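# Architecture and fold: a report
Chain by chain, the residues run as shown.
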There are 2 protein chains.
Amino acid sequence: MEPSCGSRGPGPAAAAVAAVLPAGGSGERLGGATPKQFCTVQGRPLVSYTVGAMERISWISHIIVVVSPENIEKMNSIVEKYGHKRVTIVRGGVTRHRSIFNGLKVFAENNFSNQLLQKPEVVIIHDAVRPFVEEDILSKVVMAAKDHGAAGAIRPLVSTVIASAADGFLDHSLERARYRASEMPQAFLFDIIYEAYQQCTDYDLDYGTECLHLALKYCKTNAKLVEGTADLWKVTYKRDLYAAESIIKGNLSQQVCIITNVKEDVAQVNFLLHESLKSRIKVEAVSVTLSKNDGQLQDIFSGQCYNFVCISDKKYAVEETQKLVDMLEKSNTPLLYPVVLISVHLDVSENTSCSIGMEELTRIKKFAREVKKKNILLYGILFQYKSAKEGQSQSTEEKDES
Amino acid sequence: MEPSCGSRGPGPAAAAVAAVLPAGGSGERLGGATPKQFCTVQGRPLVSYTVGAMERISWISHIIVVVSPENIEKMNSIVEKYGHKRVTIVRGGVTRHRSIFNGLKVFAENNFSNQLLQKPEVVIIHDAVRPFVEEDILSKVVMAAKDHGAAGAIRPLVSTVIASAADGFLDHSLERARYRASEMPQAFLFDIIYEAYQQCTDYDLDYGTECLHLALKYCKTNAKLVEGTADLWKVTYKRDLYAAESIIKGNLSQQVCIITNVKEDVAQVNFLLHESLKSRIKVEAVSVTLSKNDGQLQDIFSGQCYNFVCISDKKYAVEETQKLVDMLEKSNTPLLYPVVLISVHLDVSENTSCSIGMEELTRIKKFAREVKKKNILLYGILFQYKSAKEGQSQSTEEKDES
């Protein structure tokens, strides 16, 4: 079989590329009962992050998620809950190769699935437990697959690889510089990888792990190897879940939006906060009247920002906060990631009694407990200025450590 | 060279085992300026955790830490700050193998170091960036080295290993089941590994990575391979630092000590808290009079517990908390890990005014800021009971996110 050379445009053509995500693993190495692809990070299953990473790429027309029969219902509810589009769920086999083969059949065999999808020119194969895949590497492997029939991401080896003899002693060690770890994503001309799977022996299907090997063995296609970034690592052990959580939290904390009403004294606080934060993270500052249904705010809510600081000098901050929470919910922002909302209430009145501050704190606390269920982490900060020079502050936090 | 067979007792004999920790790496893969062994986790450099893991094992007589010349001073101050014993710092070479060789010379060449240490029967080689090494695996590789001359920990491969041709295309892939990742610790009869290093070529010293390979090549010693646990992984990328931090935090949070004074109503709270926590973590509950210099408390402070809940019904909780902080400091407990101290103040008086509560909160907050510098994270919780049935609580937190 001769690999057909596709068009060499600046990016993959639309509708010519599909993806298959094998997600049928049992996650034994993680040491828990839940397969790793269904383990939650920040409350959301890992597989949903990976599907999301694929969905963001407009030129991937279909995403096939292959899960074991007992998890089809679970996967259906994940697709529904997180609003995933372009996803087809397929019943997996007992091994990785059998699952991938099942995923490919959706494009080729009328009887296999409820719907026969349009056969793509190139198919990406990626693991459900590698959530941090970027468009750059996907584009590179797809273009290389178009040109050469097969391509895969590789990484340098972290440890030396050794061969052990049958008696448990060292046989020989491999020179680390000459070998690479084969990672995901990989991409293939559909006809090549499908042909390879059709020719596979049962031994291949039951004990093999490497798609590039099948393309080489059955279609004489030497895959192009593409150096990937460290992000491509596979969530394998429990520590990898910790790492994934820290990475996601780190990414989320790179951007903040400061919201104030249009009054001048508060806008000044907005300006100062913006100046002090902008060297470290991306800051967007808007002045709006919350009572109006502001289009500017809607745009921000539907973007990639999950952190908001709302500064107000009204006596009762809870009402303003309630409006913001309503708008956030309508935008579906808290669906994918926890939203952090810091409600700062500046109390500049001369004659404040302590009990009013405490009452306000208690109200915000109660409200914070309510909205936490909606994946919104609300922090209330109350600044009481007794005089212009001398400041006293009191804060209360409802904090989620998950 | 024939490996000499040591005694096969239940554990390695005292003073017969030393360890060499190469810590000369530049940490390029981490993407930061600080070499990974000096990156801090919970404020403490990674290498200190690894040295600590070795120090806990009584039958390791000497720990040689090999660092690059520019980091000798830094390593000296780490040894001093964290009170490490049995450590000798040695100047590293330009490659890993040259550094390990320098470490071994301390036991064999009079002129190399200020002091010639007693030559051990067995030497462990372990990475400074693998902090979670347990006595079990160290004992296994040492015993195997005594019997067979060389031994090393191995792990299953996470990814398939492939060989690439010079043109960047796949040459062949290795059958994953037949190969293993060579991890640390490794152990050798000293005479074998030292002989191997003496016979090494410059090419070996400059481009080699695998000590087991040297023992095989120059001393015909096939190392015994010992299956290690997942904990043995090497901190290589930034995500590994996140994972290490989560693991350390997780370990620290497995134990809590509840401290109350001897009065009956507070002891009851102690009992109830103990009951509700004991199914999840290890709970120790003590009732003491803090004004006495209590021996029971000193024992707990010098143990492995880093979380304390102190429950008091005195009006001014800060004084009691101050006493606890003093005792903690004297015990050196906060030196190695952050200590979490939750000071719970039960205010059962009928006639409390809000302002007194606020004052107490402000005092505890101020105190919390002070003791944070001493690696003690103080959280104050004030419970105000207006009546026996109806409760109102107010808490203030000084929280460290590091």
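Residues numbered from 1 in each chain as written. Chains lettered and ligands numbered in written order. Predicted model: local features only at pLDDT ≥ 70, side-chain atom pairs only at ≥ 80, totals over all residues. Heavy atoms only, no water.

### With respect to the relation of the copies chain A and chain B
The two chain copies are connected by a rotation around an axis plus a translation along it. With an RMSD of 0.1 Å, chain A superimposes on chain B once it is rotated by 180° and translated 0.0 Å along the axis. On the angle and the small slide along the axis, the relation comes out as a two-fold axis. Residue Ala243 of chain A of chain A places its C-alpha closer to the rotation axis than any other residue of that unit, at 2.4 Å. Most of the interface of chain A is mirrored in chain B, where 100% of its interface residues are also at the interface. (Least-squares fit on C-alpha atoms with pLDDT ≥ 70 in both. Contact = heavy atoms within 4.5 Å.)

### What to know about the interface of chain A and chain B
Accessible area lost upon the coming together of the parts serves often as the stated size of an interface. Listed per partner, the contact involves 56 residues of chain A and 56 residues of chain B. It is Ile162, Leu170 and Arg239 of chain A in chain A that bury the most area against chain B; as a group they hold 13% of the surface buried on that side. Our count for the contact surface shared by chain A and chain B stands at 0 salt bridges. At the junction of chain A and chain B, the tally comes to 22 residue pairs in polar contact (both at pLDDT 80 or more). Residues that form the side of chain A that touches chain B fall into these classes: 24 nonpolar, 15 polar and 17 charged. Both strand S10 (residues 179-189) of chain A and strand S8 (residues 160-164) of chain B contribute to a ladder of 4 bridges, which runs antiparallel. The residue bridging Arg180 of chain A from the neighbouring strand is Ile162 of chain B, located in S8 of chain B. (Buried area = accessible area lost by both parts, 1.4 Å probe. Salt bridge = Lys/Arg side-chain N within 4 Å of Asp/Glu carboxyl O. Polar contact = N/O pair within 3.5 Å; in protein donor to acceptor, adjacent residues only side chain to side chain. Nonpolar A, V, L, I, M, F, W, Y, C, P; charged D, E, K, R; others polar. Pairing = 2+ DSSP bridges. Helix = DSSP H or I, 4+ residues; strand = E, 2+ residues; numbered from the N terminus.)

### Let's talk about the packing of helix H3 (residues 96-105) of chain B against helix H5 (residues 190-199) of chain B
Residue and element names in this part refer to chain B. Viewed as axis vectors pointing N to C, H3 and H5 meet at an angle of 130°, and their least axial separation amounts to 10 Å. When the axis of H3 is compared with that of H5, the two are oblique. As for how H3 packs across H5, the hand of that crossing is left-handed. Between H3 and H5, the contacting residues are His97, Ile100, Phe101, Leu104 and Lys105 on the first element and Phe190, Ile193, Tyr194, Tyr197 and Gln198 on the second. (Axes fitted to C-alpha atoms, helices over the stretch in contact; angles between N-to-C directions. Parallel < 35°, antiparallel > 145°, perpendicular 65-115°, else oblique. Left-handed = near helix turned anticlockwise from the far one by under 90°.)

### Quick look at the environment of Val318 of chain B
Residue and element names in this part refer to chain B. Counting through the fold element by element, Val318 comes out in helix H11 (residues 317-330). With 49 residues separating them along the chain, Val318 and Phe367 place their C-alpha atoms 7.9 Å apart. Sequence-distant contacts of Val318, defined by excluding residues within four places in its chain, comprise Glu360, Arg363, Ile364 and Phe367.

### With respect to the pattern of salt bridges
Under the definition given, this model contains 26 salt bridges over all chains. A salt bridge links Asp127 of chain A to Arg96 of chain A, with the shortest nitrogen-to-oxygen separation between them at 2.7 Å. In this pair, Asp127 of chain A sits in the loop between strand S6 (122-125) and helix H4 (135-148) while Arg96 of chain A sits in helix H3 (residues 96-105), placing the two residues 31 residues apart along the sequence. By relative accessible area, Asp127 of chain A is classed as buried at 5%. A salt bridge links Glu245 of chain B to Lys249 of chain B; its shortest N-O distance comes to 3.5 Å. Placement of the pair is Glu245 of chain B and Lys249 of chain B together in helix H8 (residues 238-252), with a separation of 4 residues, close to one helical turn. On the basis of relative accessibility, which here comes to 36%, the residue Lys249 of chain B falls in the partly exposed class. A network of salt bridges, in which partner residues are shared, links Arg96, Asp127, Arg130 and Glu183 of chain A. (Buried < 20%, exposed > 50% of the residue type's maximum accessible area, 1.4 Å probe, protein only.)

### What about H8 of chain B?
For H8 of chain B, with 15 residues, the first-to-last C-alpha span of 22 Å sits near the 21 Å given by 1.5 Å per residue. When we look at burial in H8 of chain B, the residues that qualify are Arg239, Asp240, Leu241, Ala243, Ala244, Ser246, Ile247, Ile248 and Leu252 of chain B. Of the surrounding elements, those touching the buried residues of H8 of chain B are helix H8 (238-252) of chain A together with strand S2 (40-41), helix H1 (46-55), strand S12 (255-260) and strand S14 (307-312) of chain B. (Expected span 1.5 Å × (residues − 1).)

### Some points on the side chain of Ser331 of chain B
Residue and element names in this part refer to chain B. Counting through the fold element by element, Ser331 comes out in the loop between H11 and helix H12 (333-336). For Ser331, a relative accessible area of 18% puts it in the buried group. Within the local environment of Ser331, its side chain forms a polar contact with the backbone oxygen of Leu328, the two atoms lying 2.7 Å apart. Within polar-contact distance, the side chain of Ser331 engages the side chain of Thr333 at 2.4 Å. With near-sequence residues (within four places) excluded, Ser331 lies in contact with Gln298 and Phe301.

### Description of the pairing of strand S15 (residues 339-347) of chain B
Residue and element names in this part refer to chain B. For S15, the buried fraction is high: 7 of the 9 residues fall into the buried class. Pairing geometry for S14 and S15, over 6 bridges, is parallel. When the bridges of S15 are listed, Asn307 appears paired with Val340.

### Brief notes about the confidence of the model for chain A
Residues and elements named next belong to chain A. In the predicted model, chain A carries a mean pLDDT of 84, and the fraction of residues at 70 or more is 82%. Highest mean pLDDT in chain A belongs to S6 (98); lowest belongs to strand S17 (residues 391-397) (41). Within the model, the stretch residues 387-402 combines pLDDT values under 50 with 38 contacts to residues more than four positions away or in other chains. (pLDDT = per-residue confidence, 0-100.)

### As for empty space enclosed by the protein
Under the defined criterion, the tally for this structure stands at 5 cavities of 30 Å³ or more. Computed from the structure, the largest cavity encloses a volume of approximately 630 Å³. Lining the largest cavity are 35 residues, and of these Val158, Ser159 and Arg239 of chain A together with Val158 and Arg239 of chain B lie nearest its centre. Put simply, the parts of the chain that give the lining of the largest cavity at least two residues each are strand S7 (150-156), strand S8 (160-164), S10 and H8 of chain A together with strand S7 (150-156), strand S10 (179-189) and H8 of chain B. Within the lining of the largest cavity, the residues separate by chemical class into 18 nonpolar, 6 polar and 11 charged. (1 Å grid on protein atoms, 1.4 Å probe; cavity = no way out; pocket = protein on both sides within 12 Å on 5 of 7 lines; lining within 4 Å. Points joined across faces, edges and corners; volume = space filled by probe spheres on them.)

### Here's the deal with the packing of H8 of chain A against H8 of chain B
How two helices sit against one another is set out by the angle between their axes and by the gap between those axes. At a minimum axis separation of 8 Å, H8 of chain A and H8 of chain B run at an interaxial angle of 110°. When the axis of H8 of chain A is compared with that of H8 of chain B, the two are roughly perpendicular. Taken as a pair, H8 of chain A and H8 of chain B cross one another with a handedness that is right-handed. Only Arg239, Tyr242, Ala243, Ser246 and Ile247 of chain B of H8 of chain B make contact with H8 of chain A, whose side of the interface consists of Arg239, Tyr242, Ala243, Ser246 and Ile247 of chain A. Tallied by class, residues from the contact of H8 of chain A with H8 of chain B come to 6 nonpolar, 2 polar and 2 charged.

### Quick notes on the pairing of strand S9 (residues 170-173) of chain A
In the sheet, S8 of chain A pairs with S9 of chain A via 3 bridges, with the strands oriented antiparallel. Following the sheet pairing, Ser164 of chain A is matched in S9 of chain A by Leu170 of chain A.

### Description of the nonpolar core
Of all hydrophobic cores here, the largest spans 78 residues; its most connected members are Phe308 and Leu341 of chain A together with Phe308 and Leu341 of chain B. Not counting the four nearest positions on each side in its chain, Phe308 of chain B is found in contact with Cys257, Ile259, Ile300, Phe301, Leu328, Val339, Val340, Leu341 and Ile342 of chain B. Ranked by size, the runner-up nonpolar core spans 74 residues in total, among them Ala16, Ala18, Ala187 and Leu232 of chain A. (Core = buried A, V, L, I, M, F, W, Y, C linked by side-chain atoms within 4.5 Å.)

### With respect to the side chain of Asp204 of chain B
Residue and element names in this part refer to chain B. Along the chain, Asp204 falls in helix H6 (residues 202-207). A polar side-chain atom of Asp204 sits 2.3 Å from a polar atom in the side chain of Tyr218. Beyond its immediate sequence surroundings of up to four residues, Asp204 is in contact with His97, Leu214, Lys217 and Tyr218.

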